[in-house]
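So you can see what is in the structure, the chains are spelled out below.
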Amino acid sequence: MALGKAKSKSRGASSKQQKPSCFSVWHSGLWRRAWRKLVSVFVLLLLSVVLAGLYRGGSLLLSQPVSRVAVNGEFRHVDKQAIAREVQPFLSDGFVMLDLAAIRQQLVQQPWIFDVAVTRHWPDEIVITVIEQTPIARWGDGAYLNHRGELYVPESKLLEANAQYLPQYLPQYLPQLYGPDNSAEQVMNYFCELREALVQEGLNLTRLTLNDRGSWSARLDSGIDIVLGSGEVMEKIHRFLSAYQQGLAADFSRVAGVDMRYSNGFSIAWKELNKQS
């Protein structure tokens, strides 16, 4: 019996785990601290590489030059090559930093340019799309009205300052309008109404004048002047057209001028007889 107890006690003693020594605990802590430091160094190195790459990539991107300037549009009065030369001073800023708004603002100041669109095309091209002014009438002796009825001046001082934009030809075939300052819209509106009324009878209006006293006069392509006076312009032109339809058309080639400044009628100046009827 005593032997059995001794064996049982011996088995119990052998099952107990040994406590780690002070050296093993110290060694394990040192390893963990070294590992954390190594990871920190690696992260710092990785961040440095990433930041250096971003800096280099950003520097290359910002210094990317503009290698090509494409100028598009339908050109009749604007020199396409002159447009490309006009934007050259802006290109030193590089492709990314290029001030597109400043380029547009510079170009739209040119007298024959109505609008401009400037866009980037990766990696090194800018595209300039030009819309020219569309003149629909001459105003005074050196200006034009565009398709929106806006006044622009391509000659005189503007052309002297922008000689490269001198058109190859000026549209002298356009109708001629005259009027006081700030009356361009009014004259243009009357011109459109009168032309629409006259063209129905095969008469072509080429000139309309509003003088400083508010008196209107029109000229047809045949050279016949129609004096309309002040007020009731459309009523007078309809009165003239009524007479034209009733028989004046047959002798219209003999007419030198028509005066509509009468309340209920008009007078005609004849070419041959130089008389009124």
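Overview of the structure. Predicted, not measured: the structure shown is a model, and the values here were computed from it.

1. Examining the overall build of the protein chain
Along its length, the protein chain carries 8 helices and 12 strands. Taken across its 277 residues, the protein chain has 34% of its residues classed as buried. Pairs at least 24 residues apart make up 50% of the contacts formed inside the protein chain by residues separated by at least 6 positions. Accessible surface, the protein chain: about 17900 Å² in total, of which carbon and sulfur atoms supply 55%.

2. Quick notes on the nonpolar core
For soluble globular proteins, the rule of thumb is that nonpolar side chains tend to be buried together. Membership of the largest hydrophobic core comes to 35 residues, with the highest contact counts inside it found for Leu177, Phe240 and Phe252. Looking at this core, the element that brings in the most residues is helix α7 (residues 184-199), giving 7 residues. Setting aside residues no more than four positions away along its own chain, phenylalanine 252 makes contact with Leu203, Leu220, Ile224, Phe240 and Tyr244. In this structure, Ile83, Val87, Phe90 and Ile113 belong to the second largest nonpolar core, which totals 23 residues.

3. Brief notes about the sheet that holds strand β7 (residues 176-178)
Taken in spatial order, the 9 strands line up as β6-β5-β4-β7-β8-β9-β10-β11-β12 in an open sheet, and their pairing is mixed. Since the sheet does not close on itself, it has two edges, and those belong to β6 (151-152) and β12 (267-270), each with one partner. In the packing of α7 onto the sheet, contacts are made with β4 (137-139), β5 (143-145), β7, β8 (205-210), β9 (216-220) and β10 (225-229), and the angle to β8 comes to roughly 140°. Where helix α8 (residues 233-245) meets the sheet, its contacts fall on β9, β10 and β11 (255-259), and the angle it forms with β10 comes to roughly 140°.

4. Thoughts on a nonpolar patch on the surface
On the surface, a cluster of nonpolar side chains totalling about 740 Å² of accessible area is made up of Val39, Phe42, Val43, Leu44, Leu46, Leu47, Val50 and Leu51. Considering the arrangement of structural elements, one finds leucine 51 in helix α2 (residues 22-62). Overall, the relative accessible area of 55% leaves leucine 51 in the exposed class.

5. A short note on the packing of α7 against α8
Where α7 contacts α8, the axes come no closer than 11 Å and their chain directions differ by 15°. What the angle tells us is that α7 and α8 run roughly parallel. The handedness of the crossing between α7 and α8 is right-handed. Packed against α7, whose contacting residues are Tyr190, Glu193, Leu194, Ala197 and Leu198, the element α8 presents Val233, Met234, Ile237, His238, Phe240 and Leu241 at the interface.

6. Some details on the layout of surface pockets
The computed volume of the largest pocket comes to approximately 150 Å³. Here the residues of the lining of the largest pocket are counted per class, giving 2 nonpolar, 3 polar and 3 charged.

7. Considering the pattern of salt bridges
Throughout the structure, instances matching the rule amount to 4 salt bridges. Here arginine 104 and aspartate 115 are joined by a salt bridge, their closest N and O atoms 2.8 Å apart. Here aspartate 115 lies in strand β2 (residues 113-121) and arginine 104 lies in helix α5 (residues 100-107), a separation of 11 residues in the sequence.

8. As for the sheet that holds strand β3 (residues 125-132)
Pairing within the open sheet is mixed, and its 3 strands lie in the order β1-β3-β2. Looking along the sheet, the strands with just one partner apiece sit at the ends: β1 (68-72) and β2. Within the sheet, the average angular offset between the axes of one strand and its neighbour, ignoring direction, is 20°. Sheet topology note: the β2/β3 ladder contains 8 bridges and is antiparallel. Opposite valine 116, over in β3, you have valine 130 as the bridge partner. Together, β2 and β3 form the strand contacts of α5, whose direction differs from that of β2 by roughly 155°.

About the criteria used
- Residues numbered from 1 in each chain as written.
- Predicted model: local features only at pLDDT ≥ 70, side-chain atom pairs only at ≥ 80, totals over all residues.
- Heavy atoms only, no water.
- Helix = DSSP H or I, 4+ residues; strand = E, 2+ residues; numbered from the N terminus.
- Buried < 20%, exposed > 50% of the residue type's maximum accessible area, 1.4 Å probe, protein only.
- Contact = heavy atoms within 4.5 Å.
- Areas by Shrake-Rupley, 256 points an atom, 1.4 Å probe, with all protein chains shown as cover.
- Core = buried A, V, L, I, M, F, W, Y, C linked by side-chain atoms within 4.5 Å.
- Pairing = 2+ DSSP bridges.
- Axes fitted to C-alpha atoms, helices over the stretch in contact; angles between N-to-C directions.
- Patch = residues over 30% accessible without salt bridge, like charges linked within 9 Å, V, L, I, M, F, W, Y side chains within 5 Å.
- Salt bridge = Lys/Arg side-chain N within 4 Å of Asp/Glu carboxyl O.
- Parallel < 35°, antiparallel > 145°, perpendicular 65-115°, else oblique.
- Left-handed = near helix turned anticlockwise from the far one by under 90°.
- 1 Å grid on protein atoms, 1.4 Å probe; cavity = no way out; pocket = protein on both sides within 12 Å on 5 of 7 lines; lining within 4 Å.
- Points joined across faces, edges and corners; volume = space filled by probe spheres on them.
- Nonpolar A, V, L, I, M, F, W, Y, C, P; charged D, E, K, R; others polar.

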